[in-house]
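# Examining the three-dimensional arrangement
Letter by letter, the chains look like this.
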Amino acid sequence: MARLQGSSAGRRHGATAALLIAVVAGMAGLSFASVPLYRLFCQATGYGGTTQRAERAPAAEAAGTVTVRFDAGTAPDLGWEFRPLRNEVVVHPGEQTQVLFRAVNRNPVPVTGSATFNVTPLKAGIYFDKIQCFCFTEQHLGPGESADMGVVFFVDPQLLSDPNTRNVKTITLSYTMFRSREAAPPSAAATPAAPAPAPARSVN
């Protein structure tokens with residue numbers, strides 16, 4: 001009888017351990033999936049001022065206008081000058097517009113940067129569409145090098161008909177440029193060794 005009780009307790013402990021392992025594995029899986037799922041959620045809803053991506057502007061423009069302002073900042077360790085060449089533009093929703101941002105590398109070495117972005121008011125994010133943007137890729141500048149980087153966008157005309165956003169008259173597009181993590185040079189252990197010279201052959 002004692003042997004049966006011990007066997008039953010062992011099975012319960014084994015089942016509990018298996019359940020705990022399954023819970024931990026499930027939590028780990030959710031943590032890895034949460035970032036891409038959160039990004040998809042933001043892109044679909046404009047949550048947090050996340051802008052949208054589009055292939056082309058609408059065929060027709062709306063009669064109203066919206067002022068789009070531009071803001072640029074940099075991380076402390078970047079060492080770049082980064083600013084918009086125009087502080088604001090007035091556009092018709094549906095109108096395709098291009099603006100330029102100028103970046104200058106003030107470092108004595110090459111630096112690669114990447115930009116994050118959002119719009120305010122946050123509720124306008126779902127109606128702000130980018131067709132092209134320097135923020136989609138990393139930007140590499142040599143020492144003292146400068147570049148004018150463009151963003152092509154339009155404001156969706158539905159901004160004017162949505163009861164939640166039809167009172168929005170000004171949208172601010174903000175960028176922050178960060179230093180990208182650059183690949184470290186290979187260590188001595190990772191560098192392939194040079195082939196050893198072939199031994200000399202004696203000739204009799």
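Counting restarts for each chain, with residues numbered from 1 along the sequence as it is written. Only residues with pLDDT of at least 70 are given local features in this predicted model, and only at 80 or more are side-chain atom pairs given and counted; all residues enter the totals for whole chains, interfaces and linings. Just so you know, side-chain values use all the structure's heavy atoms and leave hydrogens and water out.

### Quick look at the packing of aromatic side chains
For any two aromatic rings, the description comes down to two numbers: the centre-to-centre distance and the angle of the planes. Put simply, the rule is: Between rings of Phe, Tyr and Trp, where Trp is taken as its six-membered ring, a pair exists when centres lie within 6.5 Å; planes separated by under 30 degrees are stacked, by over 60 edge-to-face, and by other angles tilted. The way it works is that DSSP assigns letters per residue, a run of H or I at least four long becomes a helix, a run of E at least two long becomes a strand, and they are numbered from the N terminus. Think of it in three bands: with a 1.4 Å probe and only protein chains considered, a residue is buried below 20% of the maximum accessible area for its type, exposed above 50%, and partly exposed in between. Definition used: whenever NZ (Lys) or CZ (Arg) falls within 6 Å of the ring centre and also within 35 degrees of the ring normal, the charge is taken to sit over that ring.
Summed over the entire model, instances satisfying the criterion amount to nine aromatic pairs. Ring centres of F82 and F134 lie 6.0 Å apart, and the angle between their planes is 80°; this geometry places the pair in the edge-to-face category. Separated by 52 residues along the polypeptide, F82 in strand β3 (residues 80-84) and F134 in the loop between β7 (128-133) and β8 (139-141) bring together distant segments of the chain. Across the pair, exposure class does not vary: F82 and F134 are buried alike. Connected via pairs of aromatic rings, a cluster forms that spans F70, F82, F101, F117, F128, F134, F153 and Y175. Over the ring of F136 we find R53, and its NZ or CZ is 3.6 Å from the ring centre. One cation-aromatic arrangement involves K130 over F117; the distance from NZ or CZ to the ring centre is 3.3 Å.

### Details of the state of the cysteines
To keep things clear, this is the line we draw: Note on terminology: disulfide denotes any pair of cysteine sulfur atoms within 2.5 Å.
Overall, the coordinates contain one disulfide when judged by the stated rule. The disulfide bridge from C133 ends at C135, spanning 2.3 Å between sulfur atoms. Classification of the bridge connecting C133 and C135 rests on its S-S torsion, roughly 130°, and on that basis the disulfide is right-handed. Residue classification places C133 among the buried positions, given a relative accessible area of 9%.

### Structural notes on the pattern of salt bridges
Counted only if it meets this: By convention in these notes, a salt bridge is any Lys or Arg side-chain nitrogen within 4 Å of a carboxyl oxygen on Asp or Glu.
By the definition in use, this model includes five salt bridges. Between E55 and R56 there is a salt bridge, with its nearest N and O atoms 3.9 Å apart. Across this residue pair, the class does not change: E55 and R56 are exposed. Close ionic contact of R106 with E81 constitutes a salt bridge, the shortest N to O distance being 2.6 Å. Within this pair, whereas R106 is found in the loop between β5 (97-105) and β6 (111-120), its partner E81 is found in strand β3, the two being separated by 25 residues in sequence. Overall, the relative accessible area of 59% leaves R106 in the exposed class. The class of E81 is partly exposed, set by a relative accessible area of 26%. Each of E81, R83 and R106 takes part in one network of salt bridges that share partners.

### Looking at the side chain of T112
Secondary-structure assignment places T112 in strand β6. What makes T112 buried here is its relative accessible area of 10%.

### Quick notes on the sheet that holds strand β9 (residues 146-155)
Rules: For two strands to be treated as a pair, DSSP must find at least two bridges joining them.
On the basis of which strands lie adjacent, the open sheet formed by five strands has the order β1-β7-β9-β5-β3 and mixed pairing. What marks the edges here is a single partner per strand, and that holds for β1 (52-53) and β3. Of the strand pairs in this sheet, β1 and β7 are connected by two bridges, and their pairing is parallel. What sits directly across from Q52, in β7, is D129.

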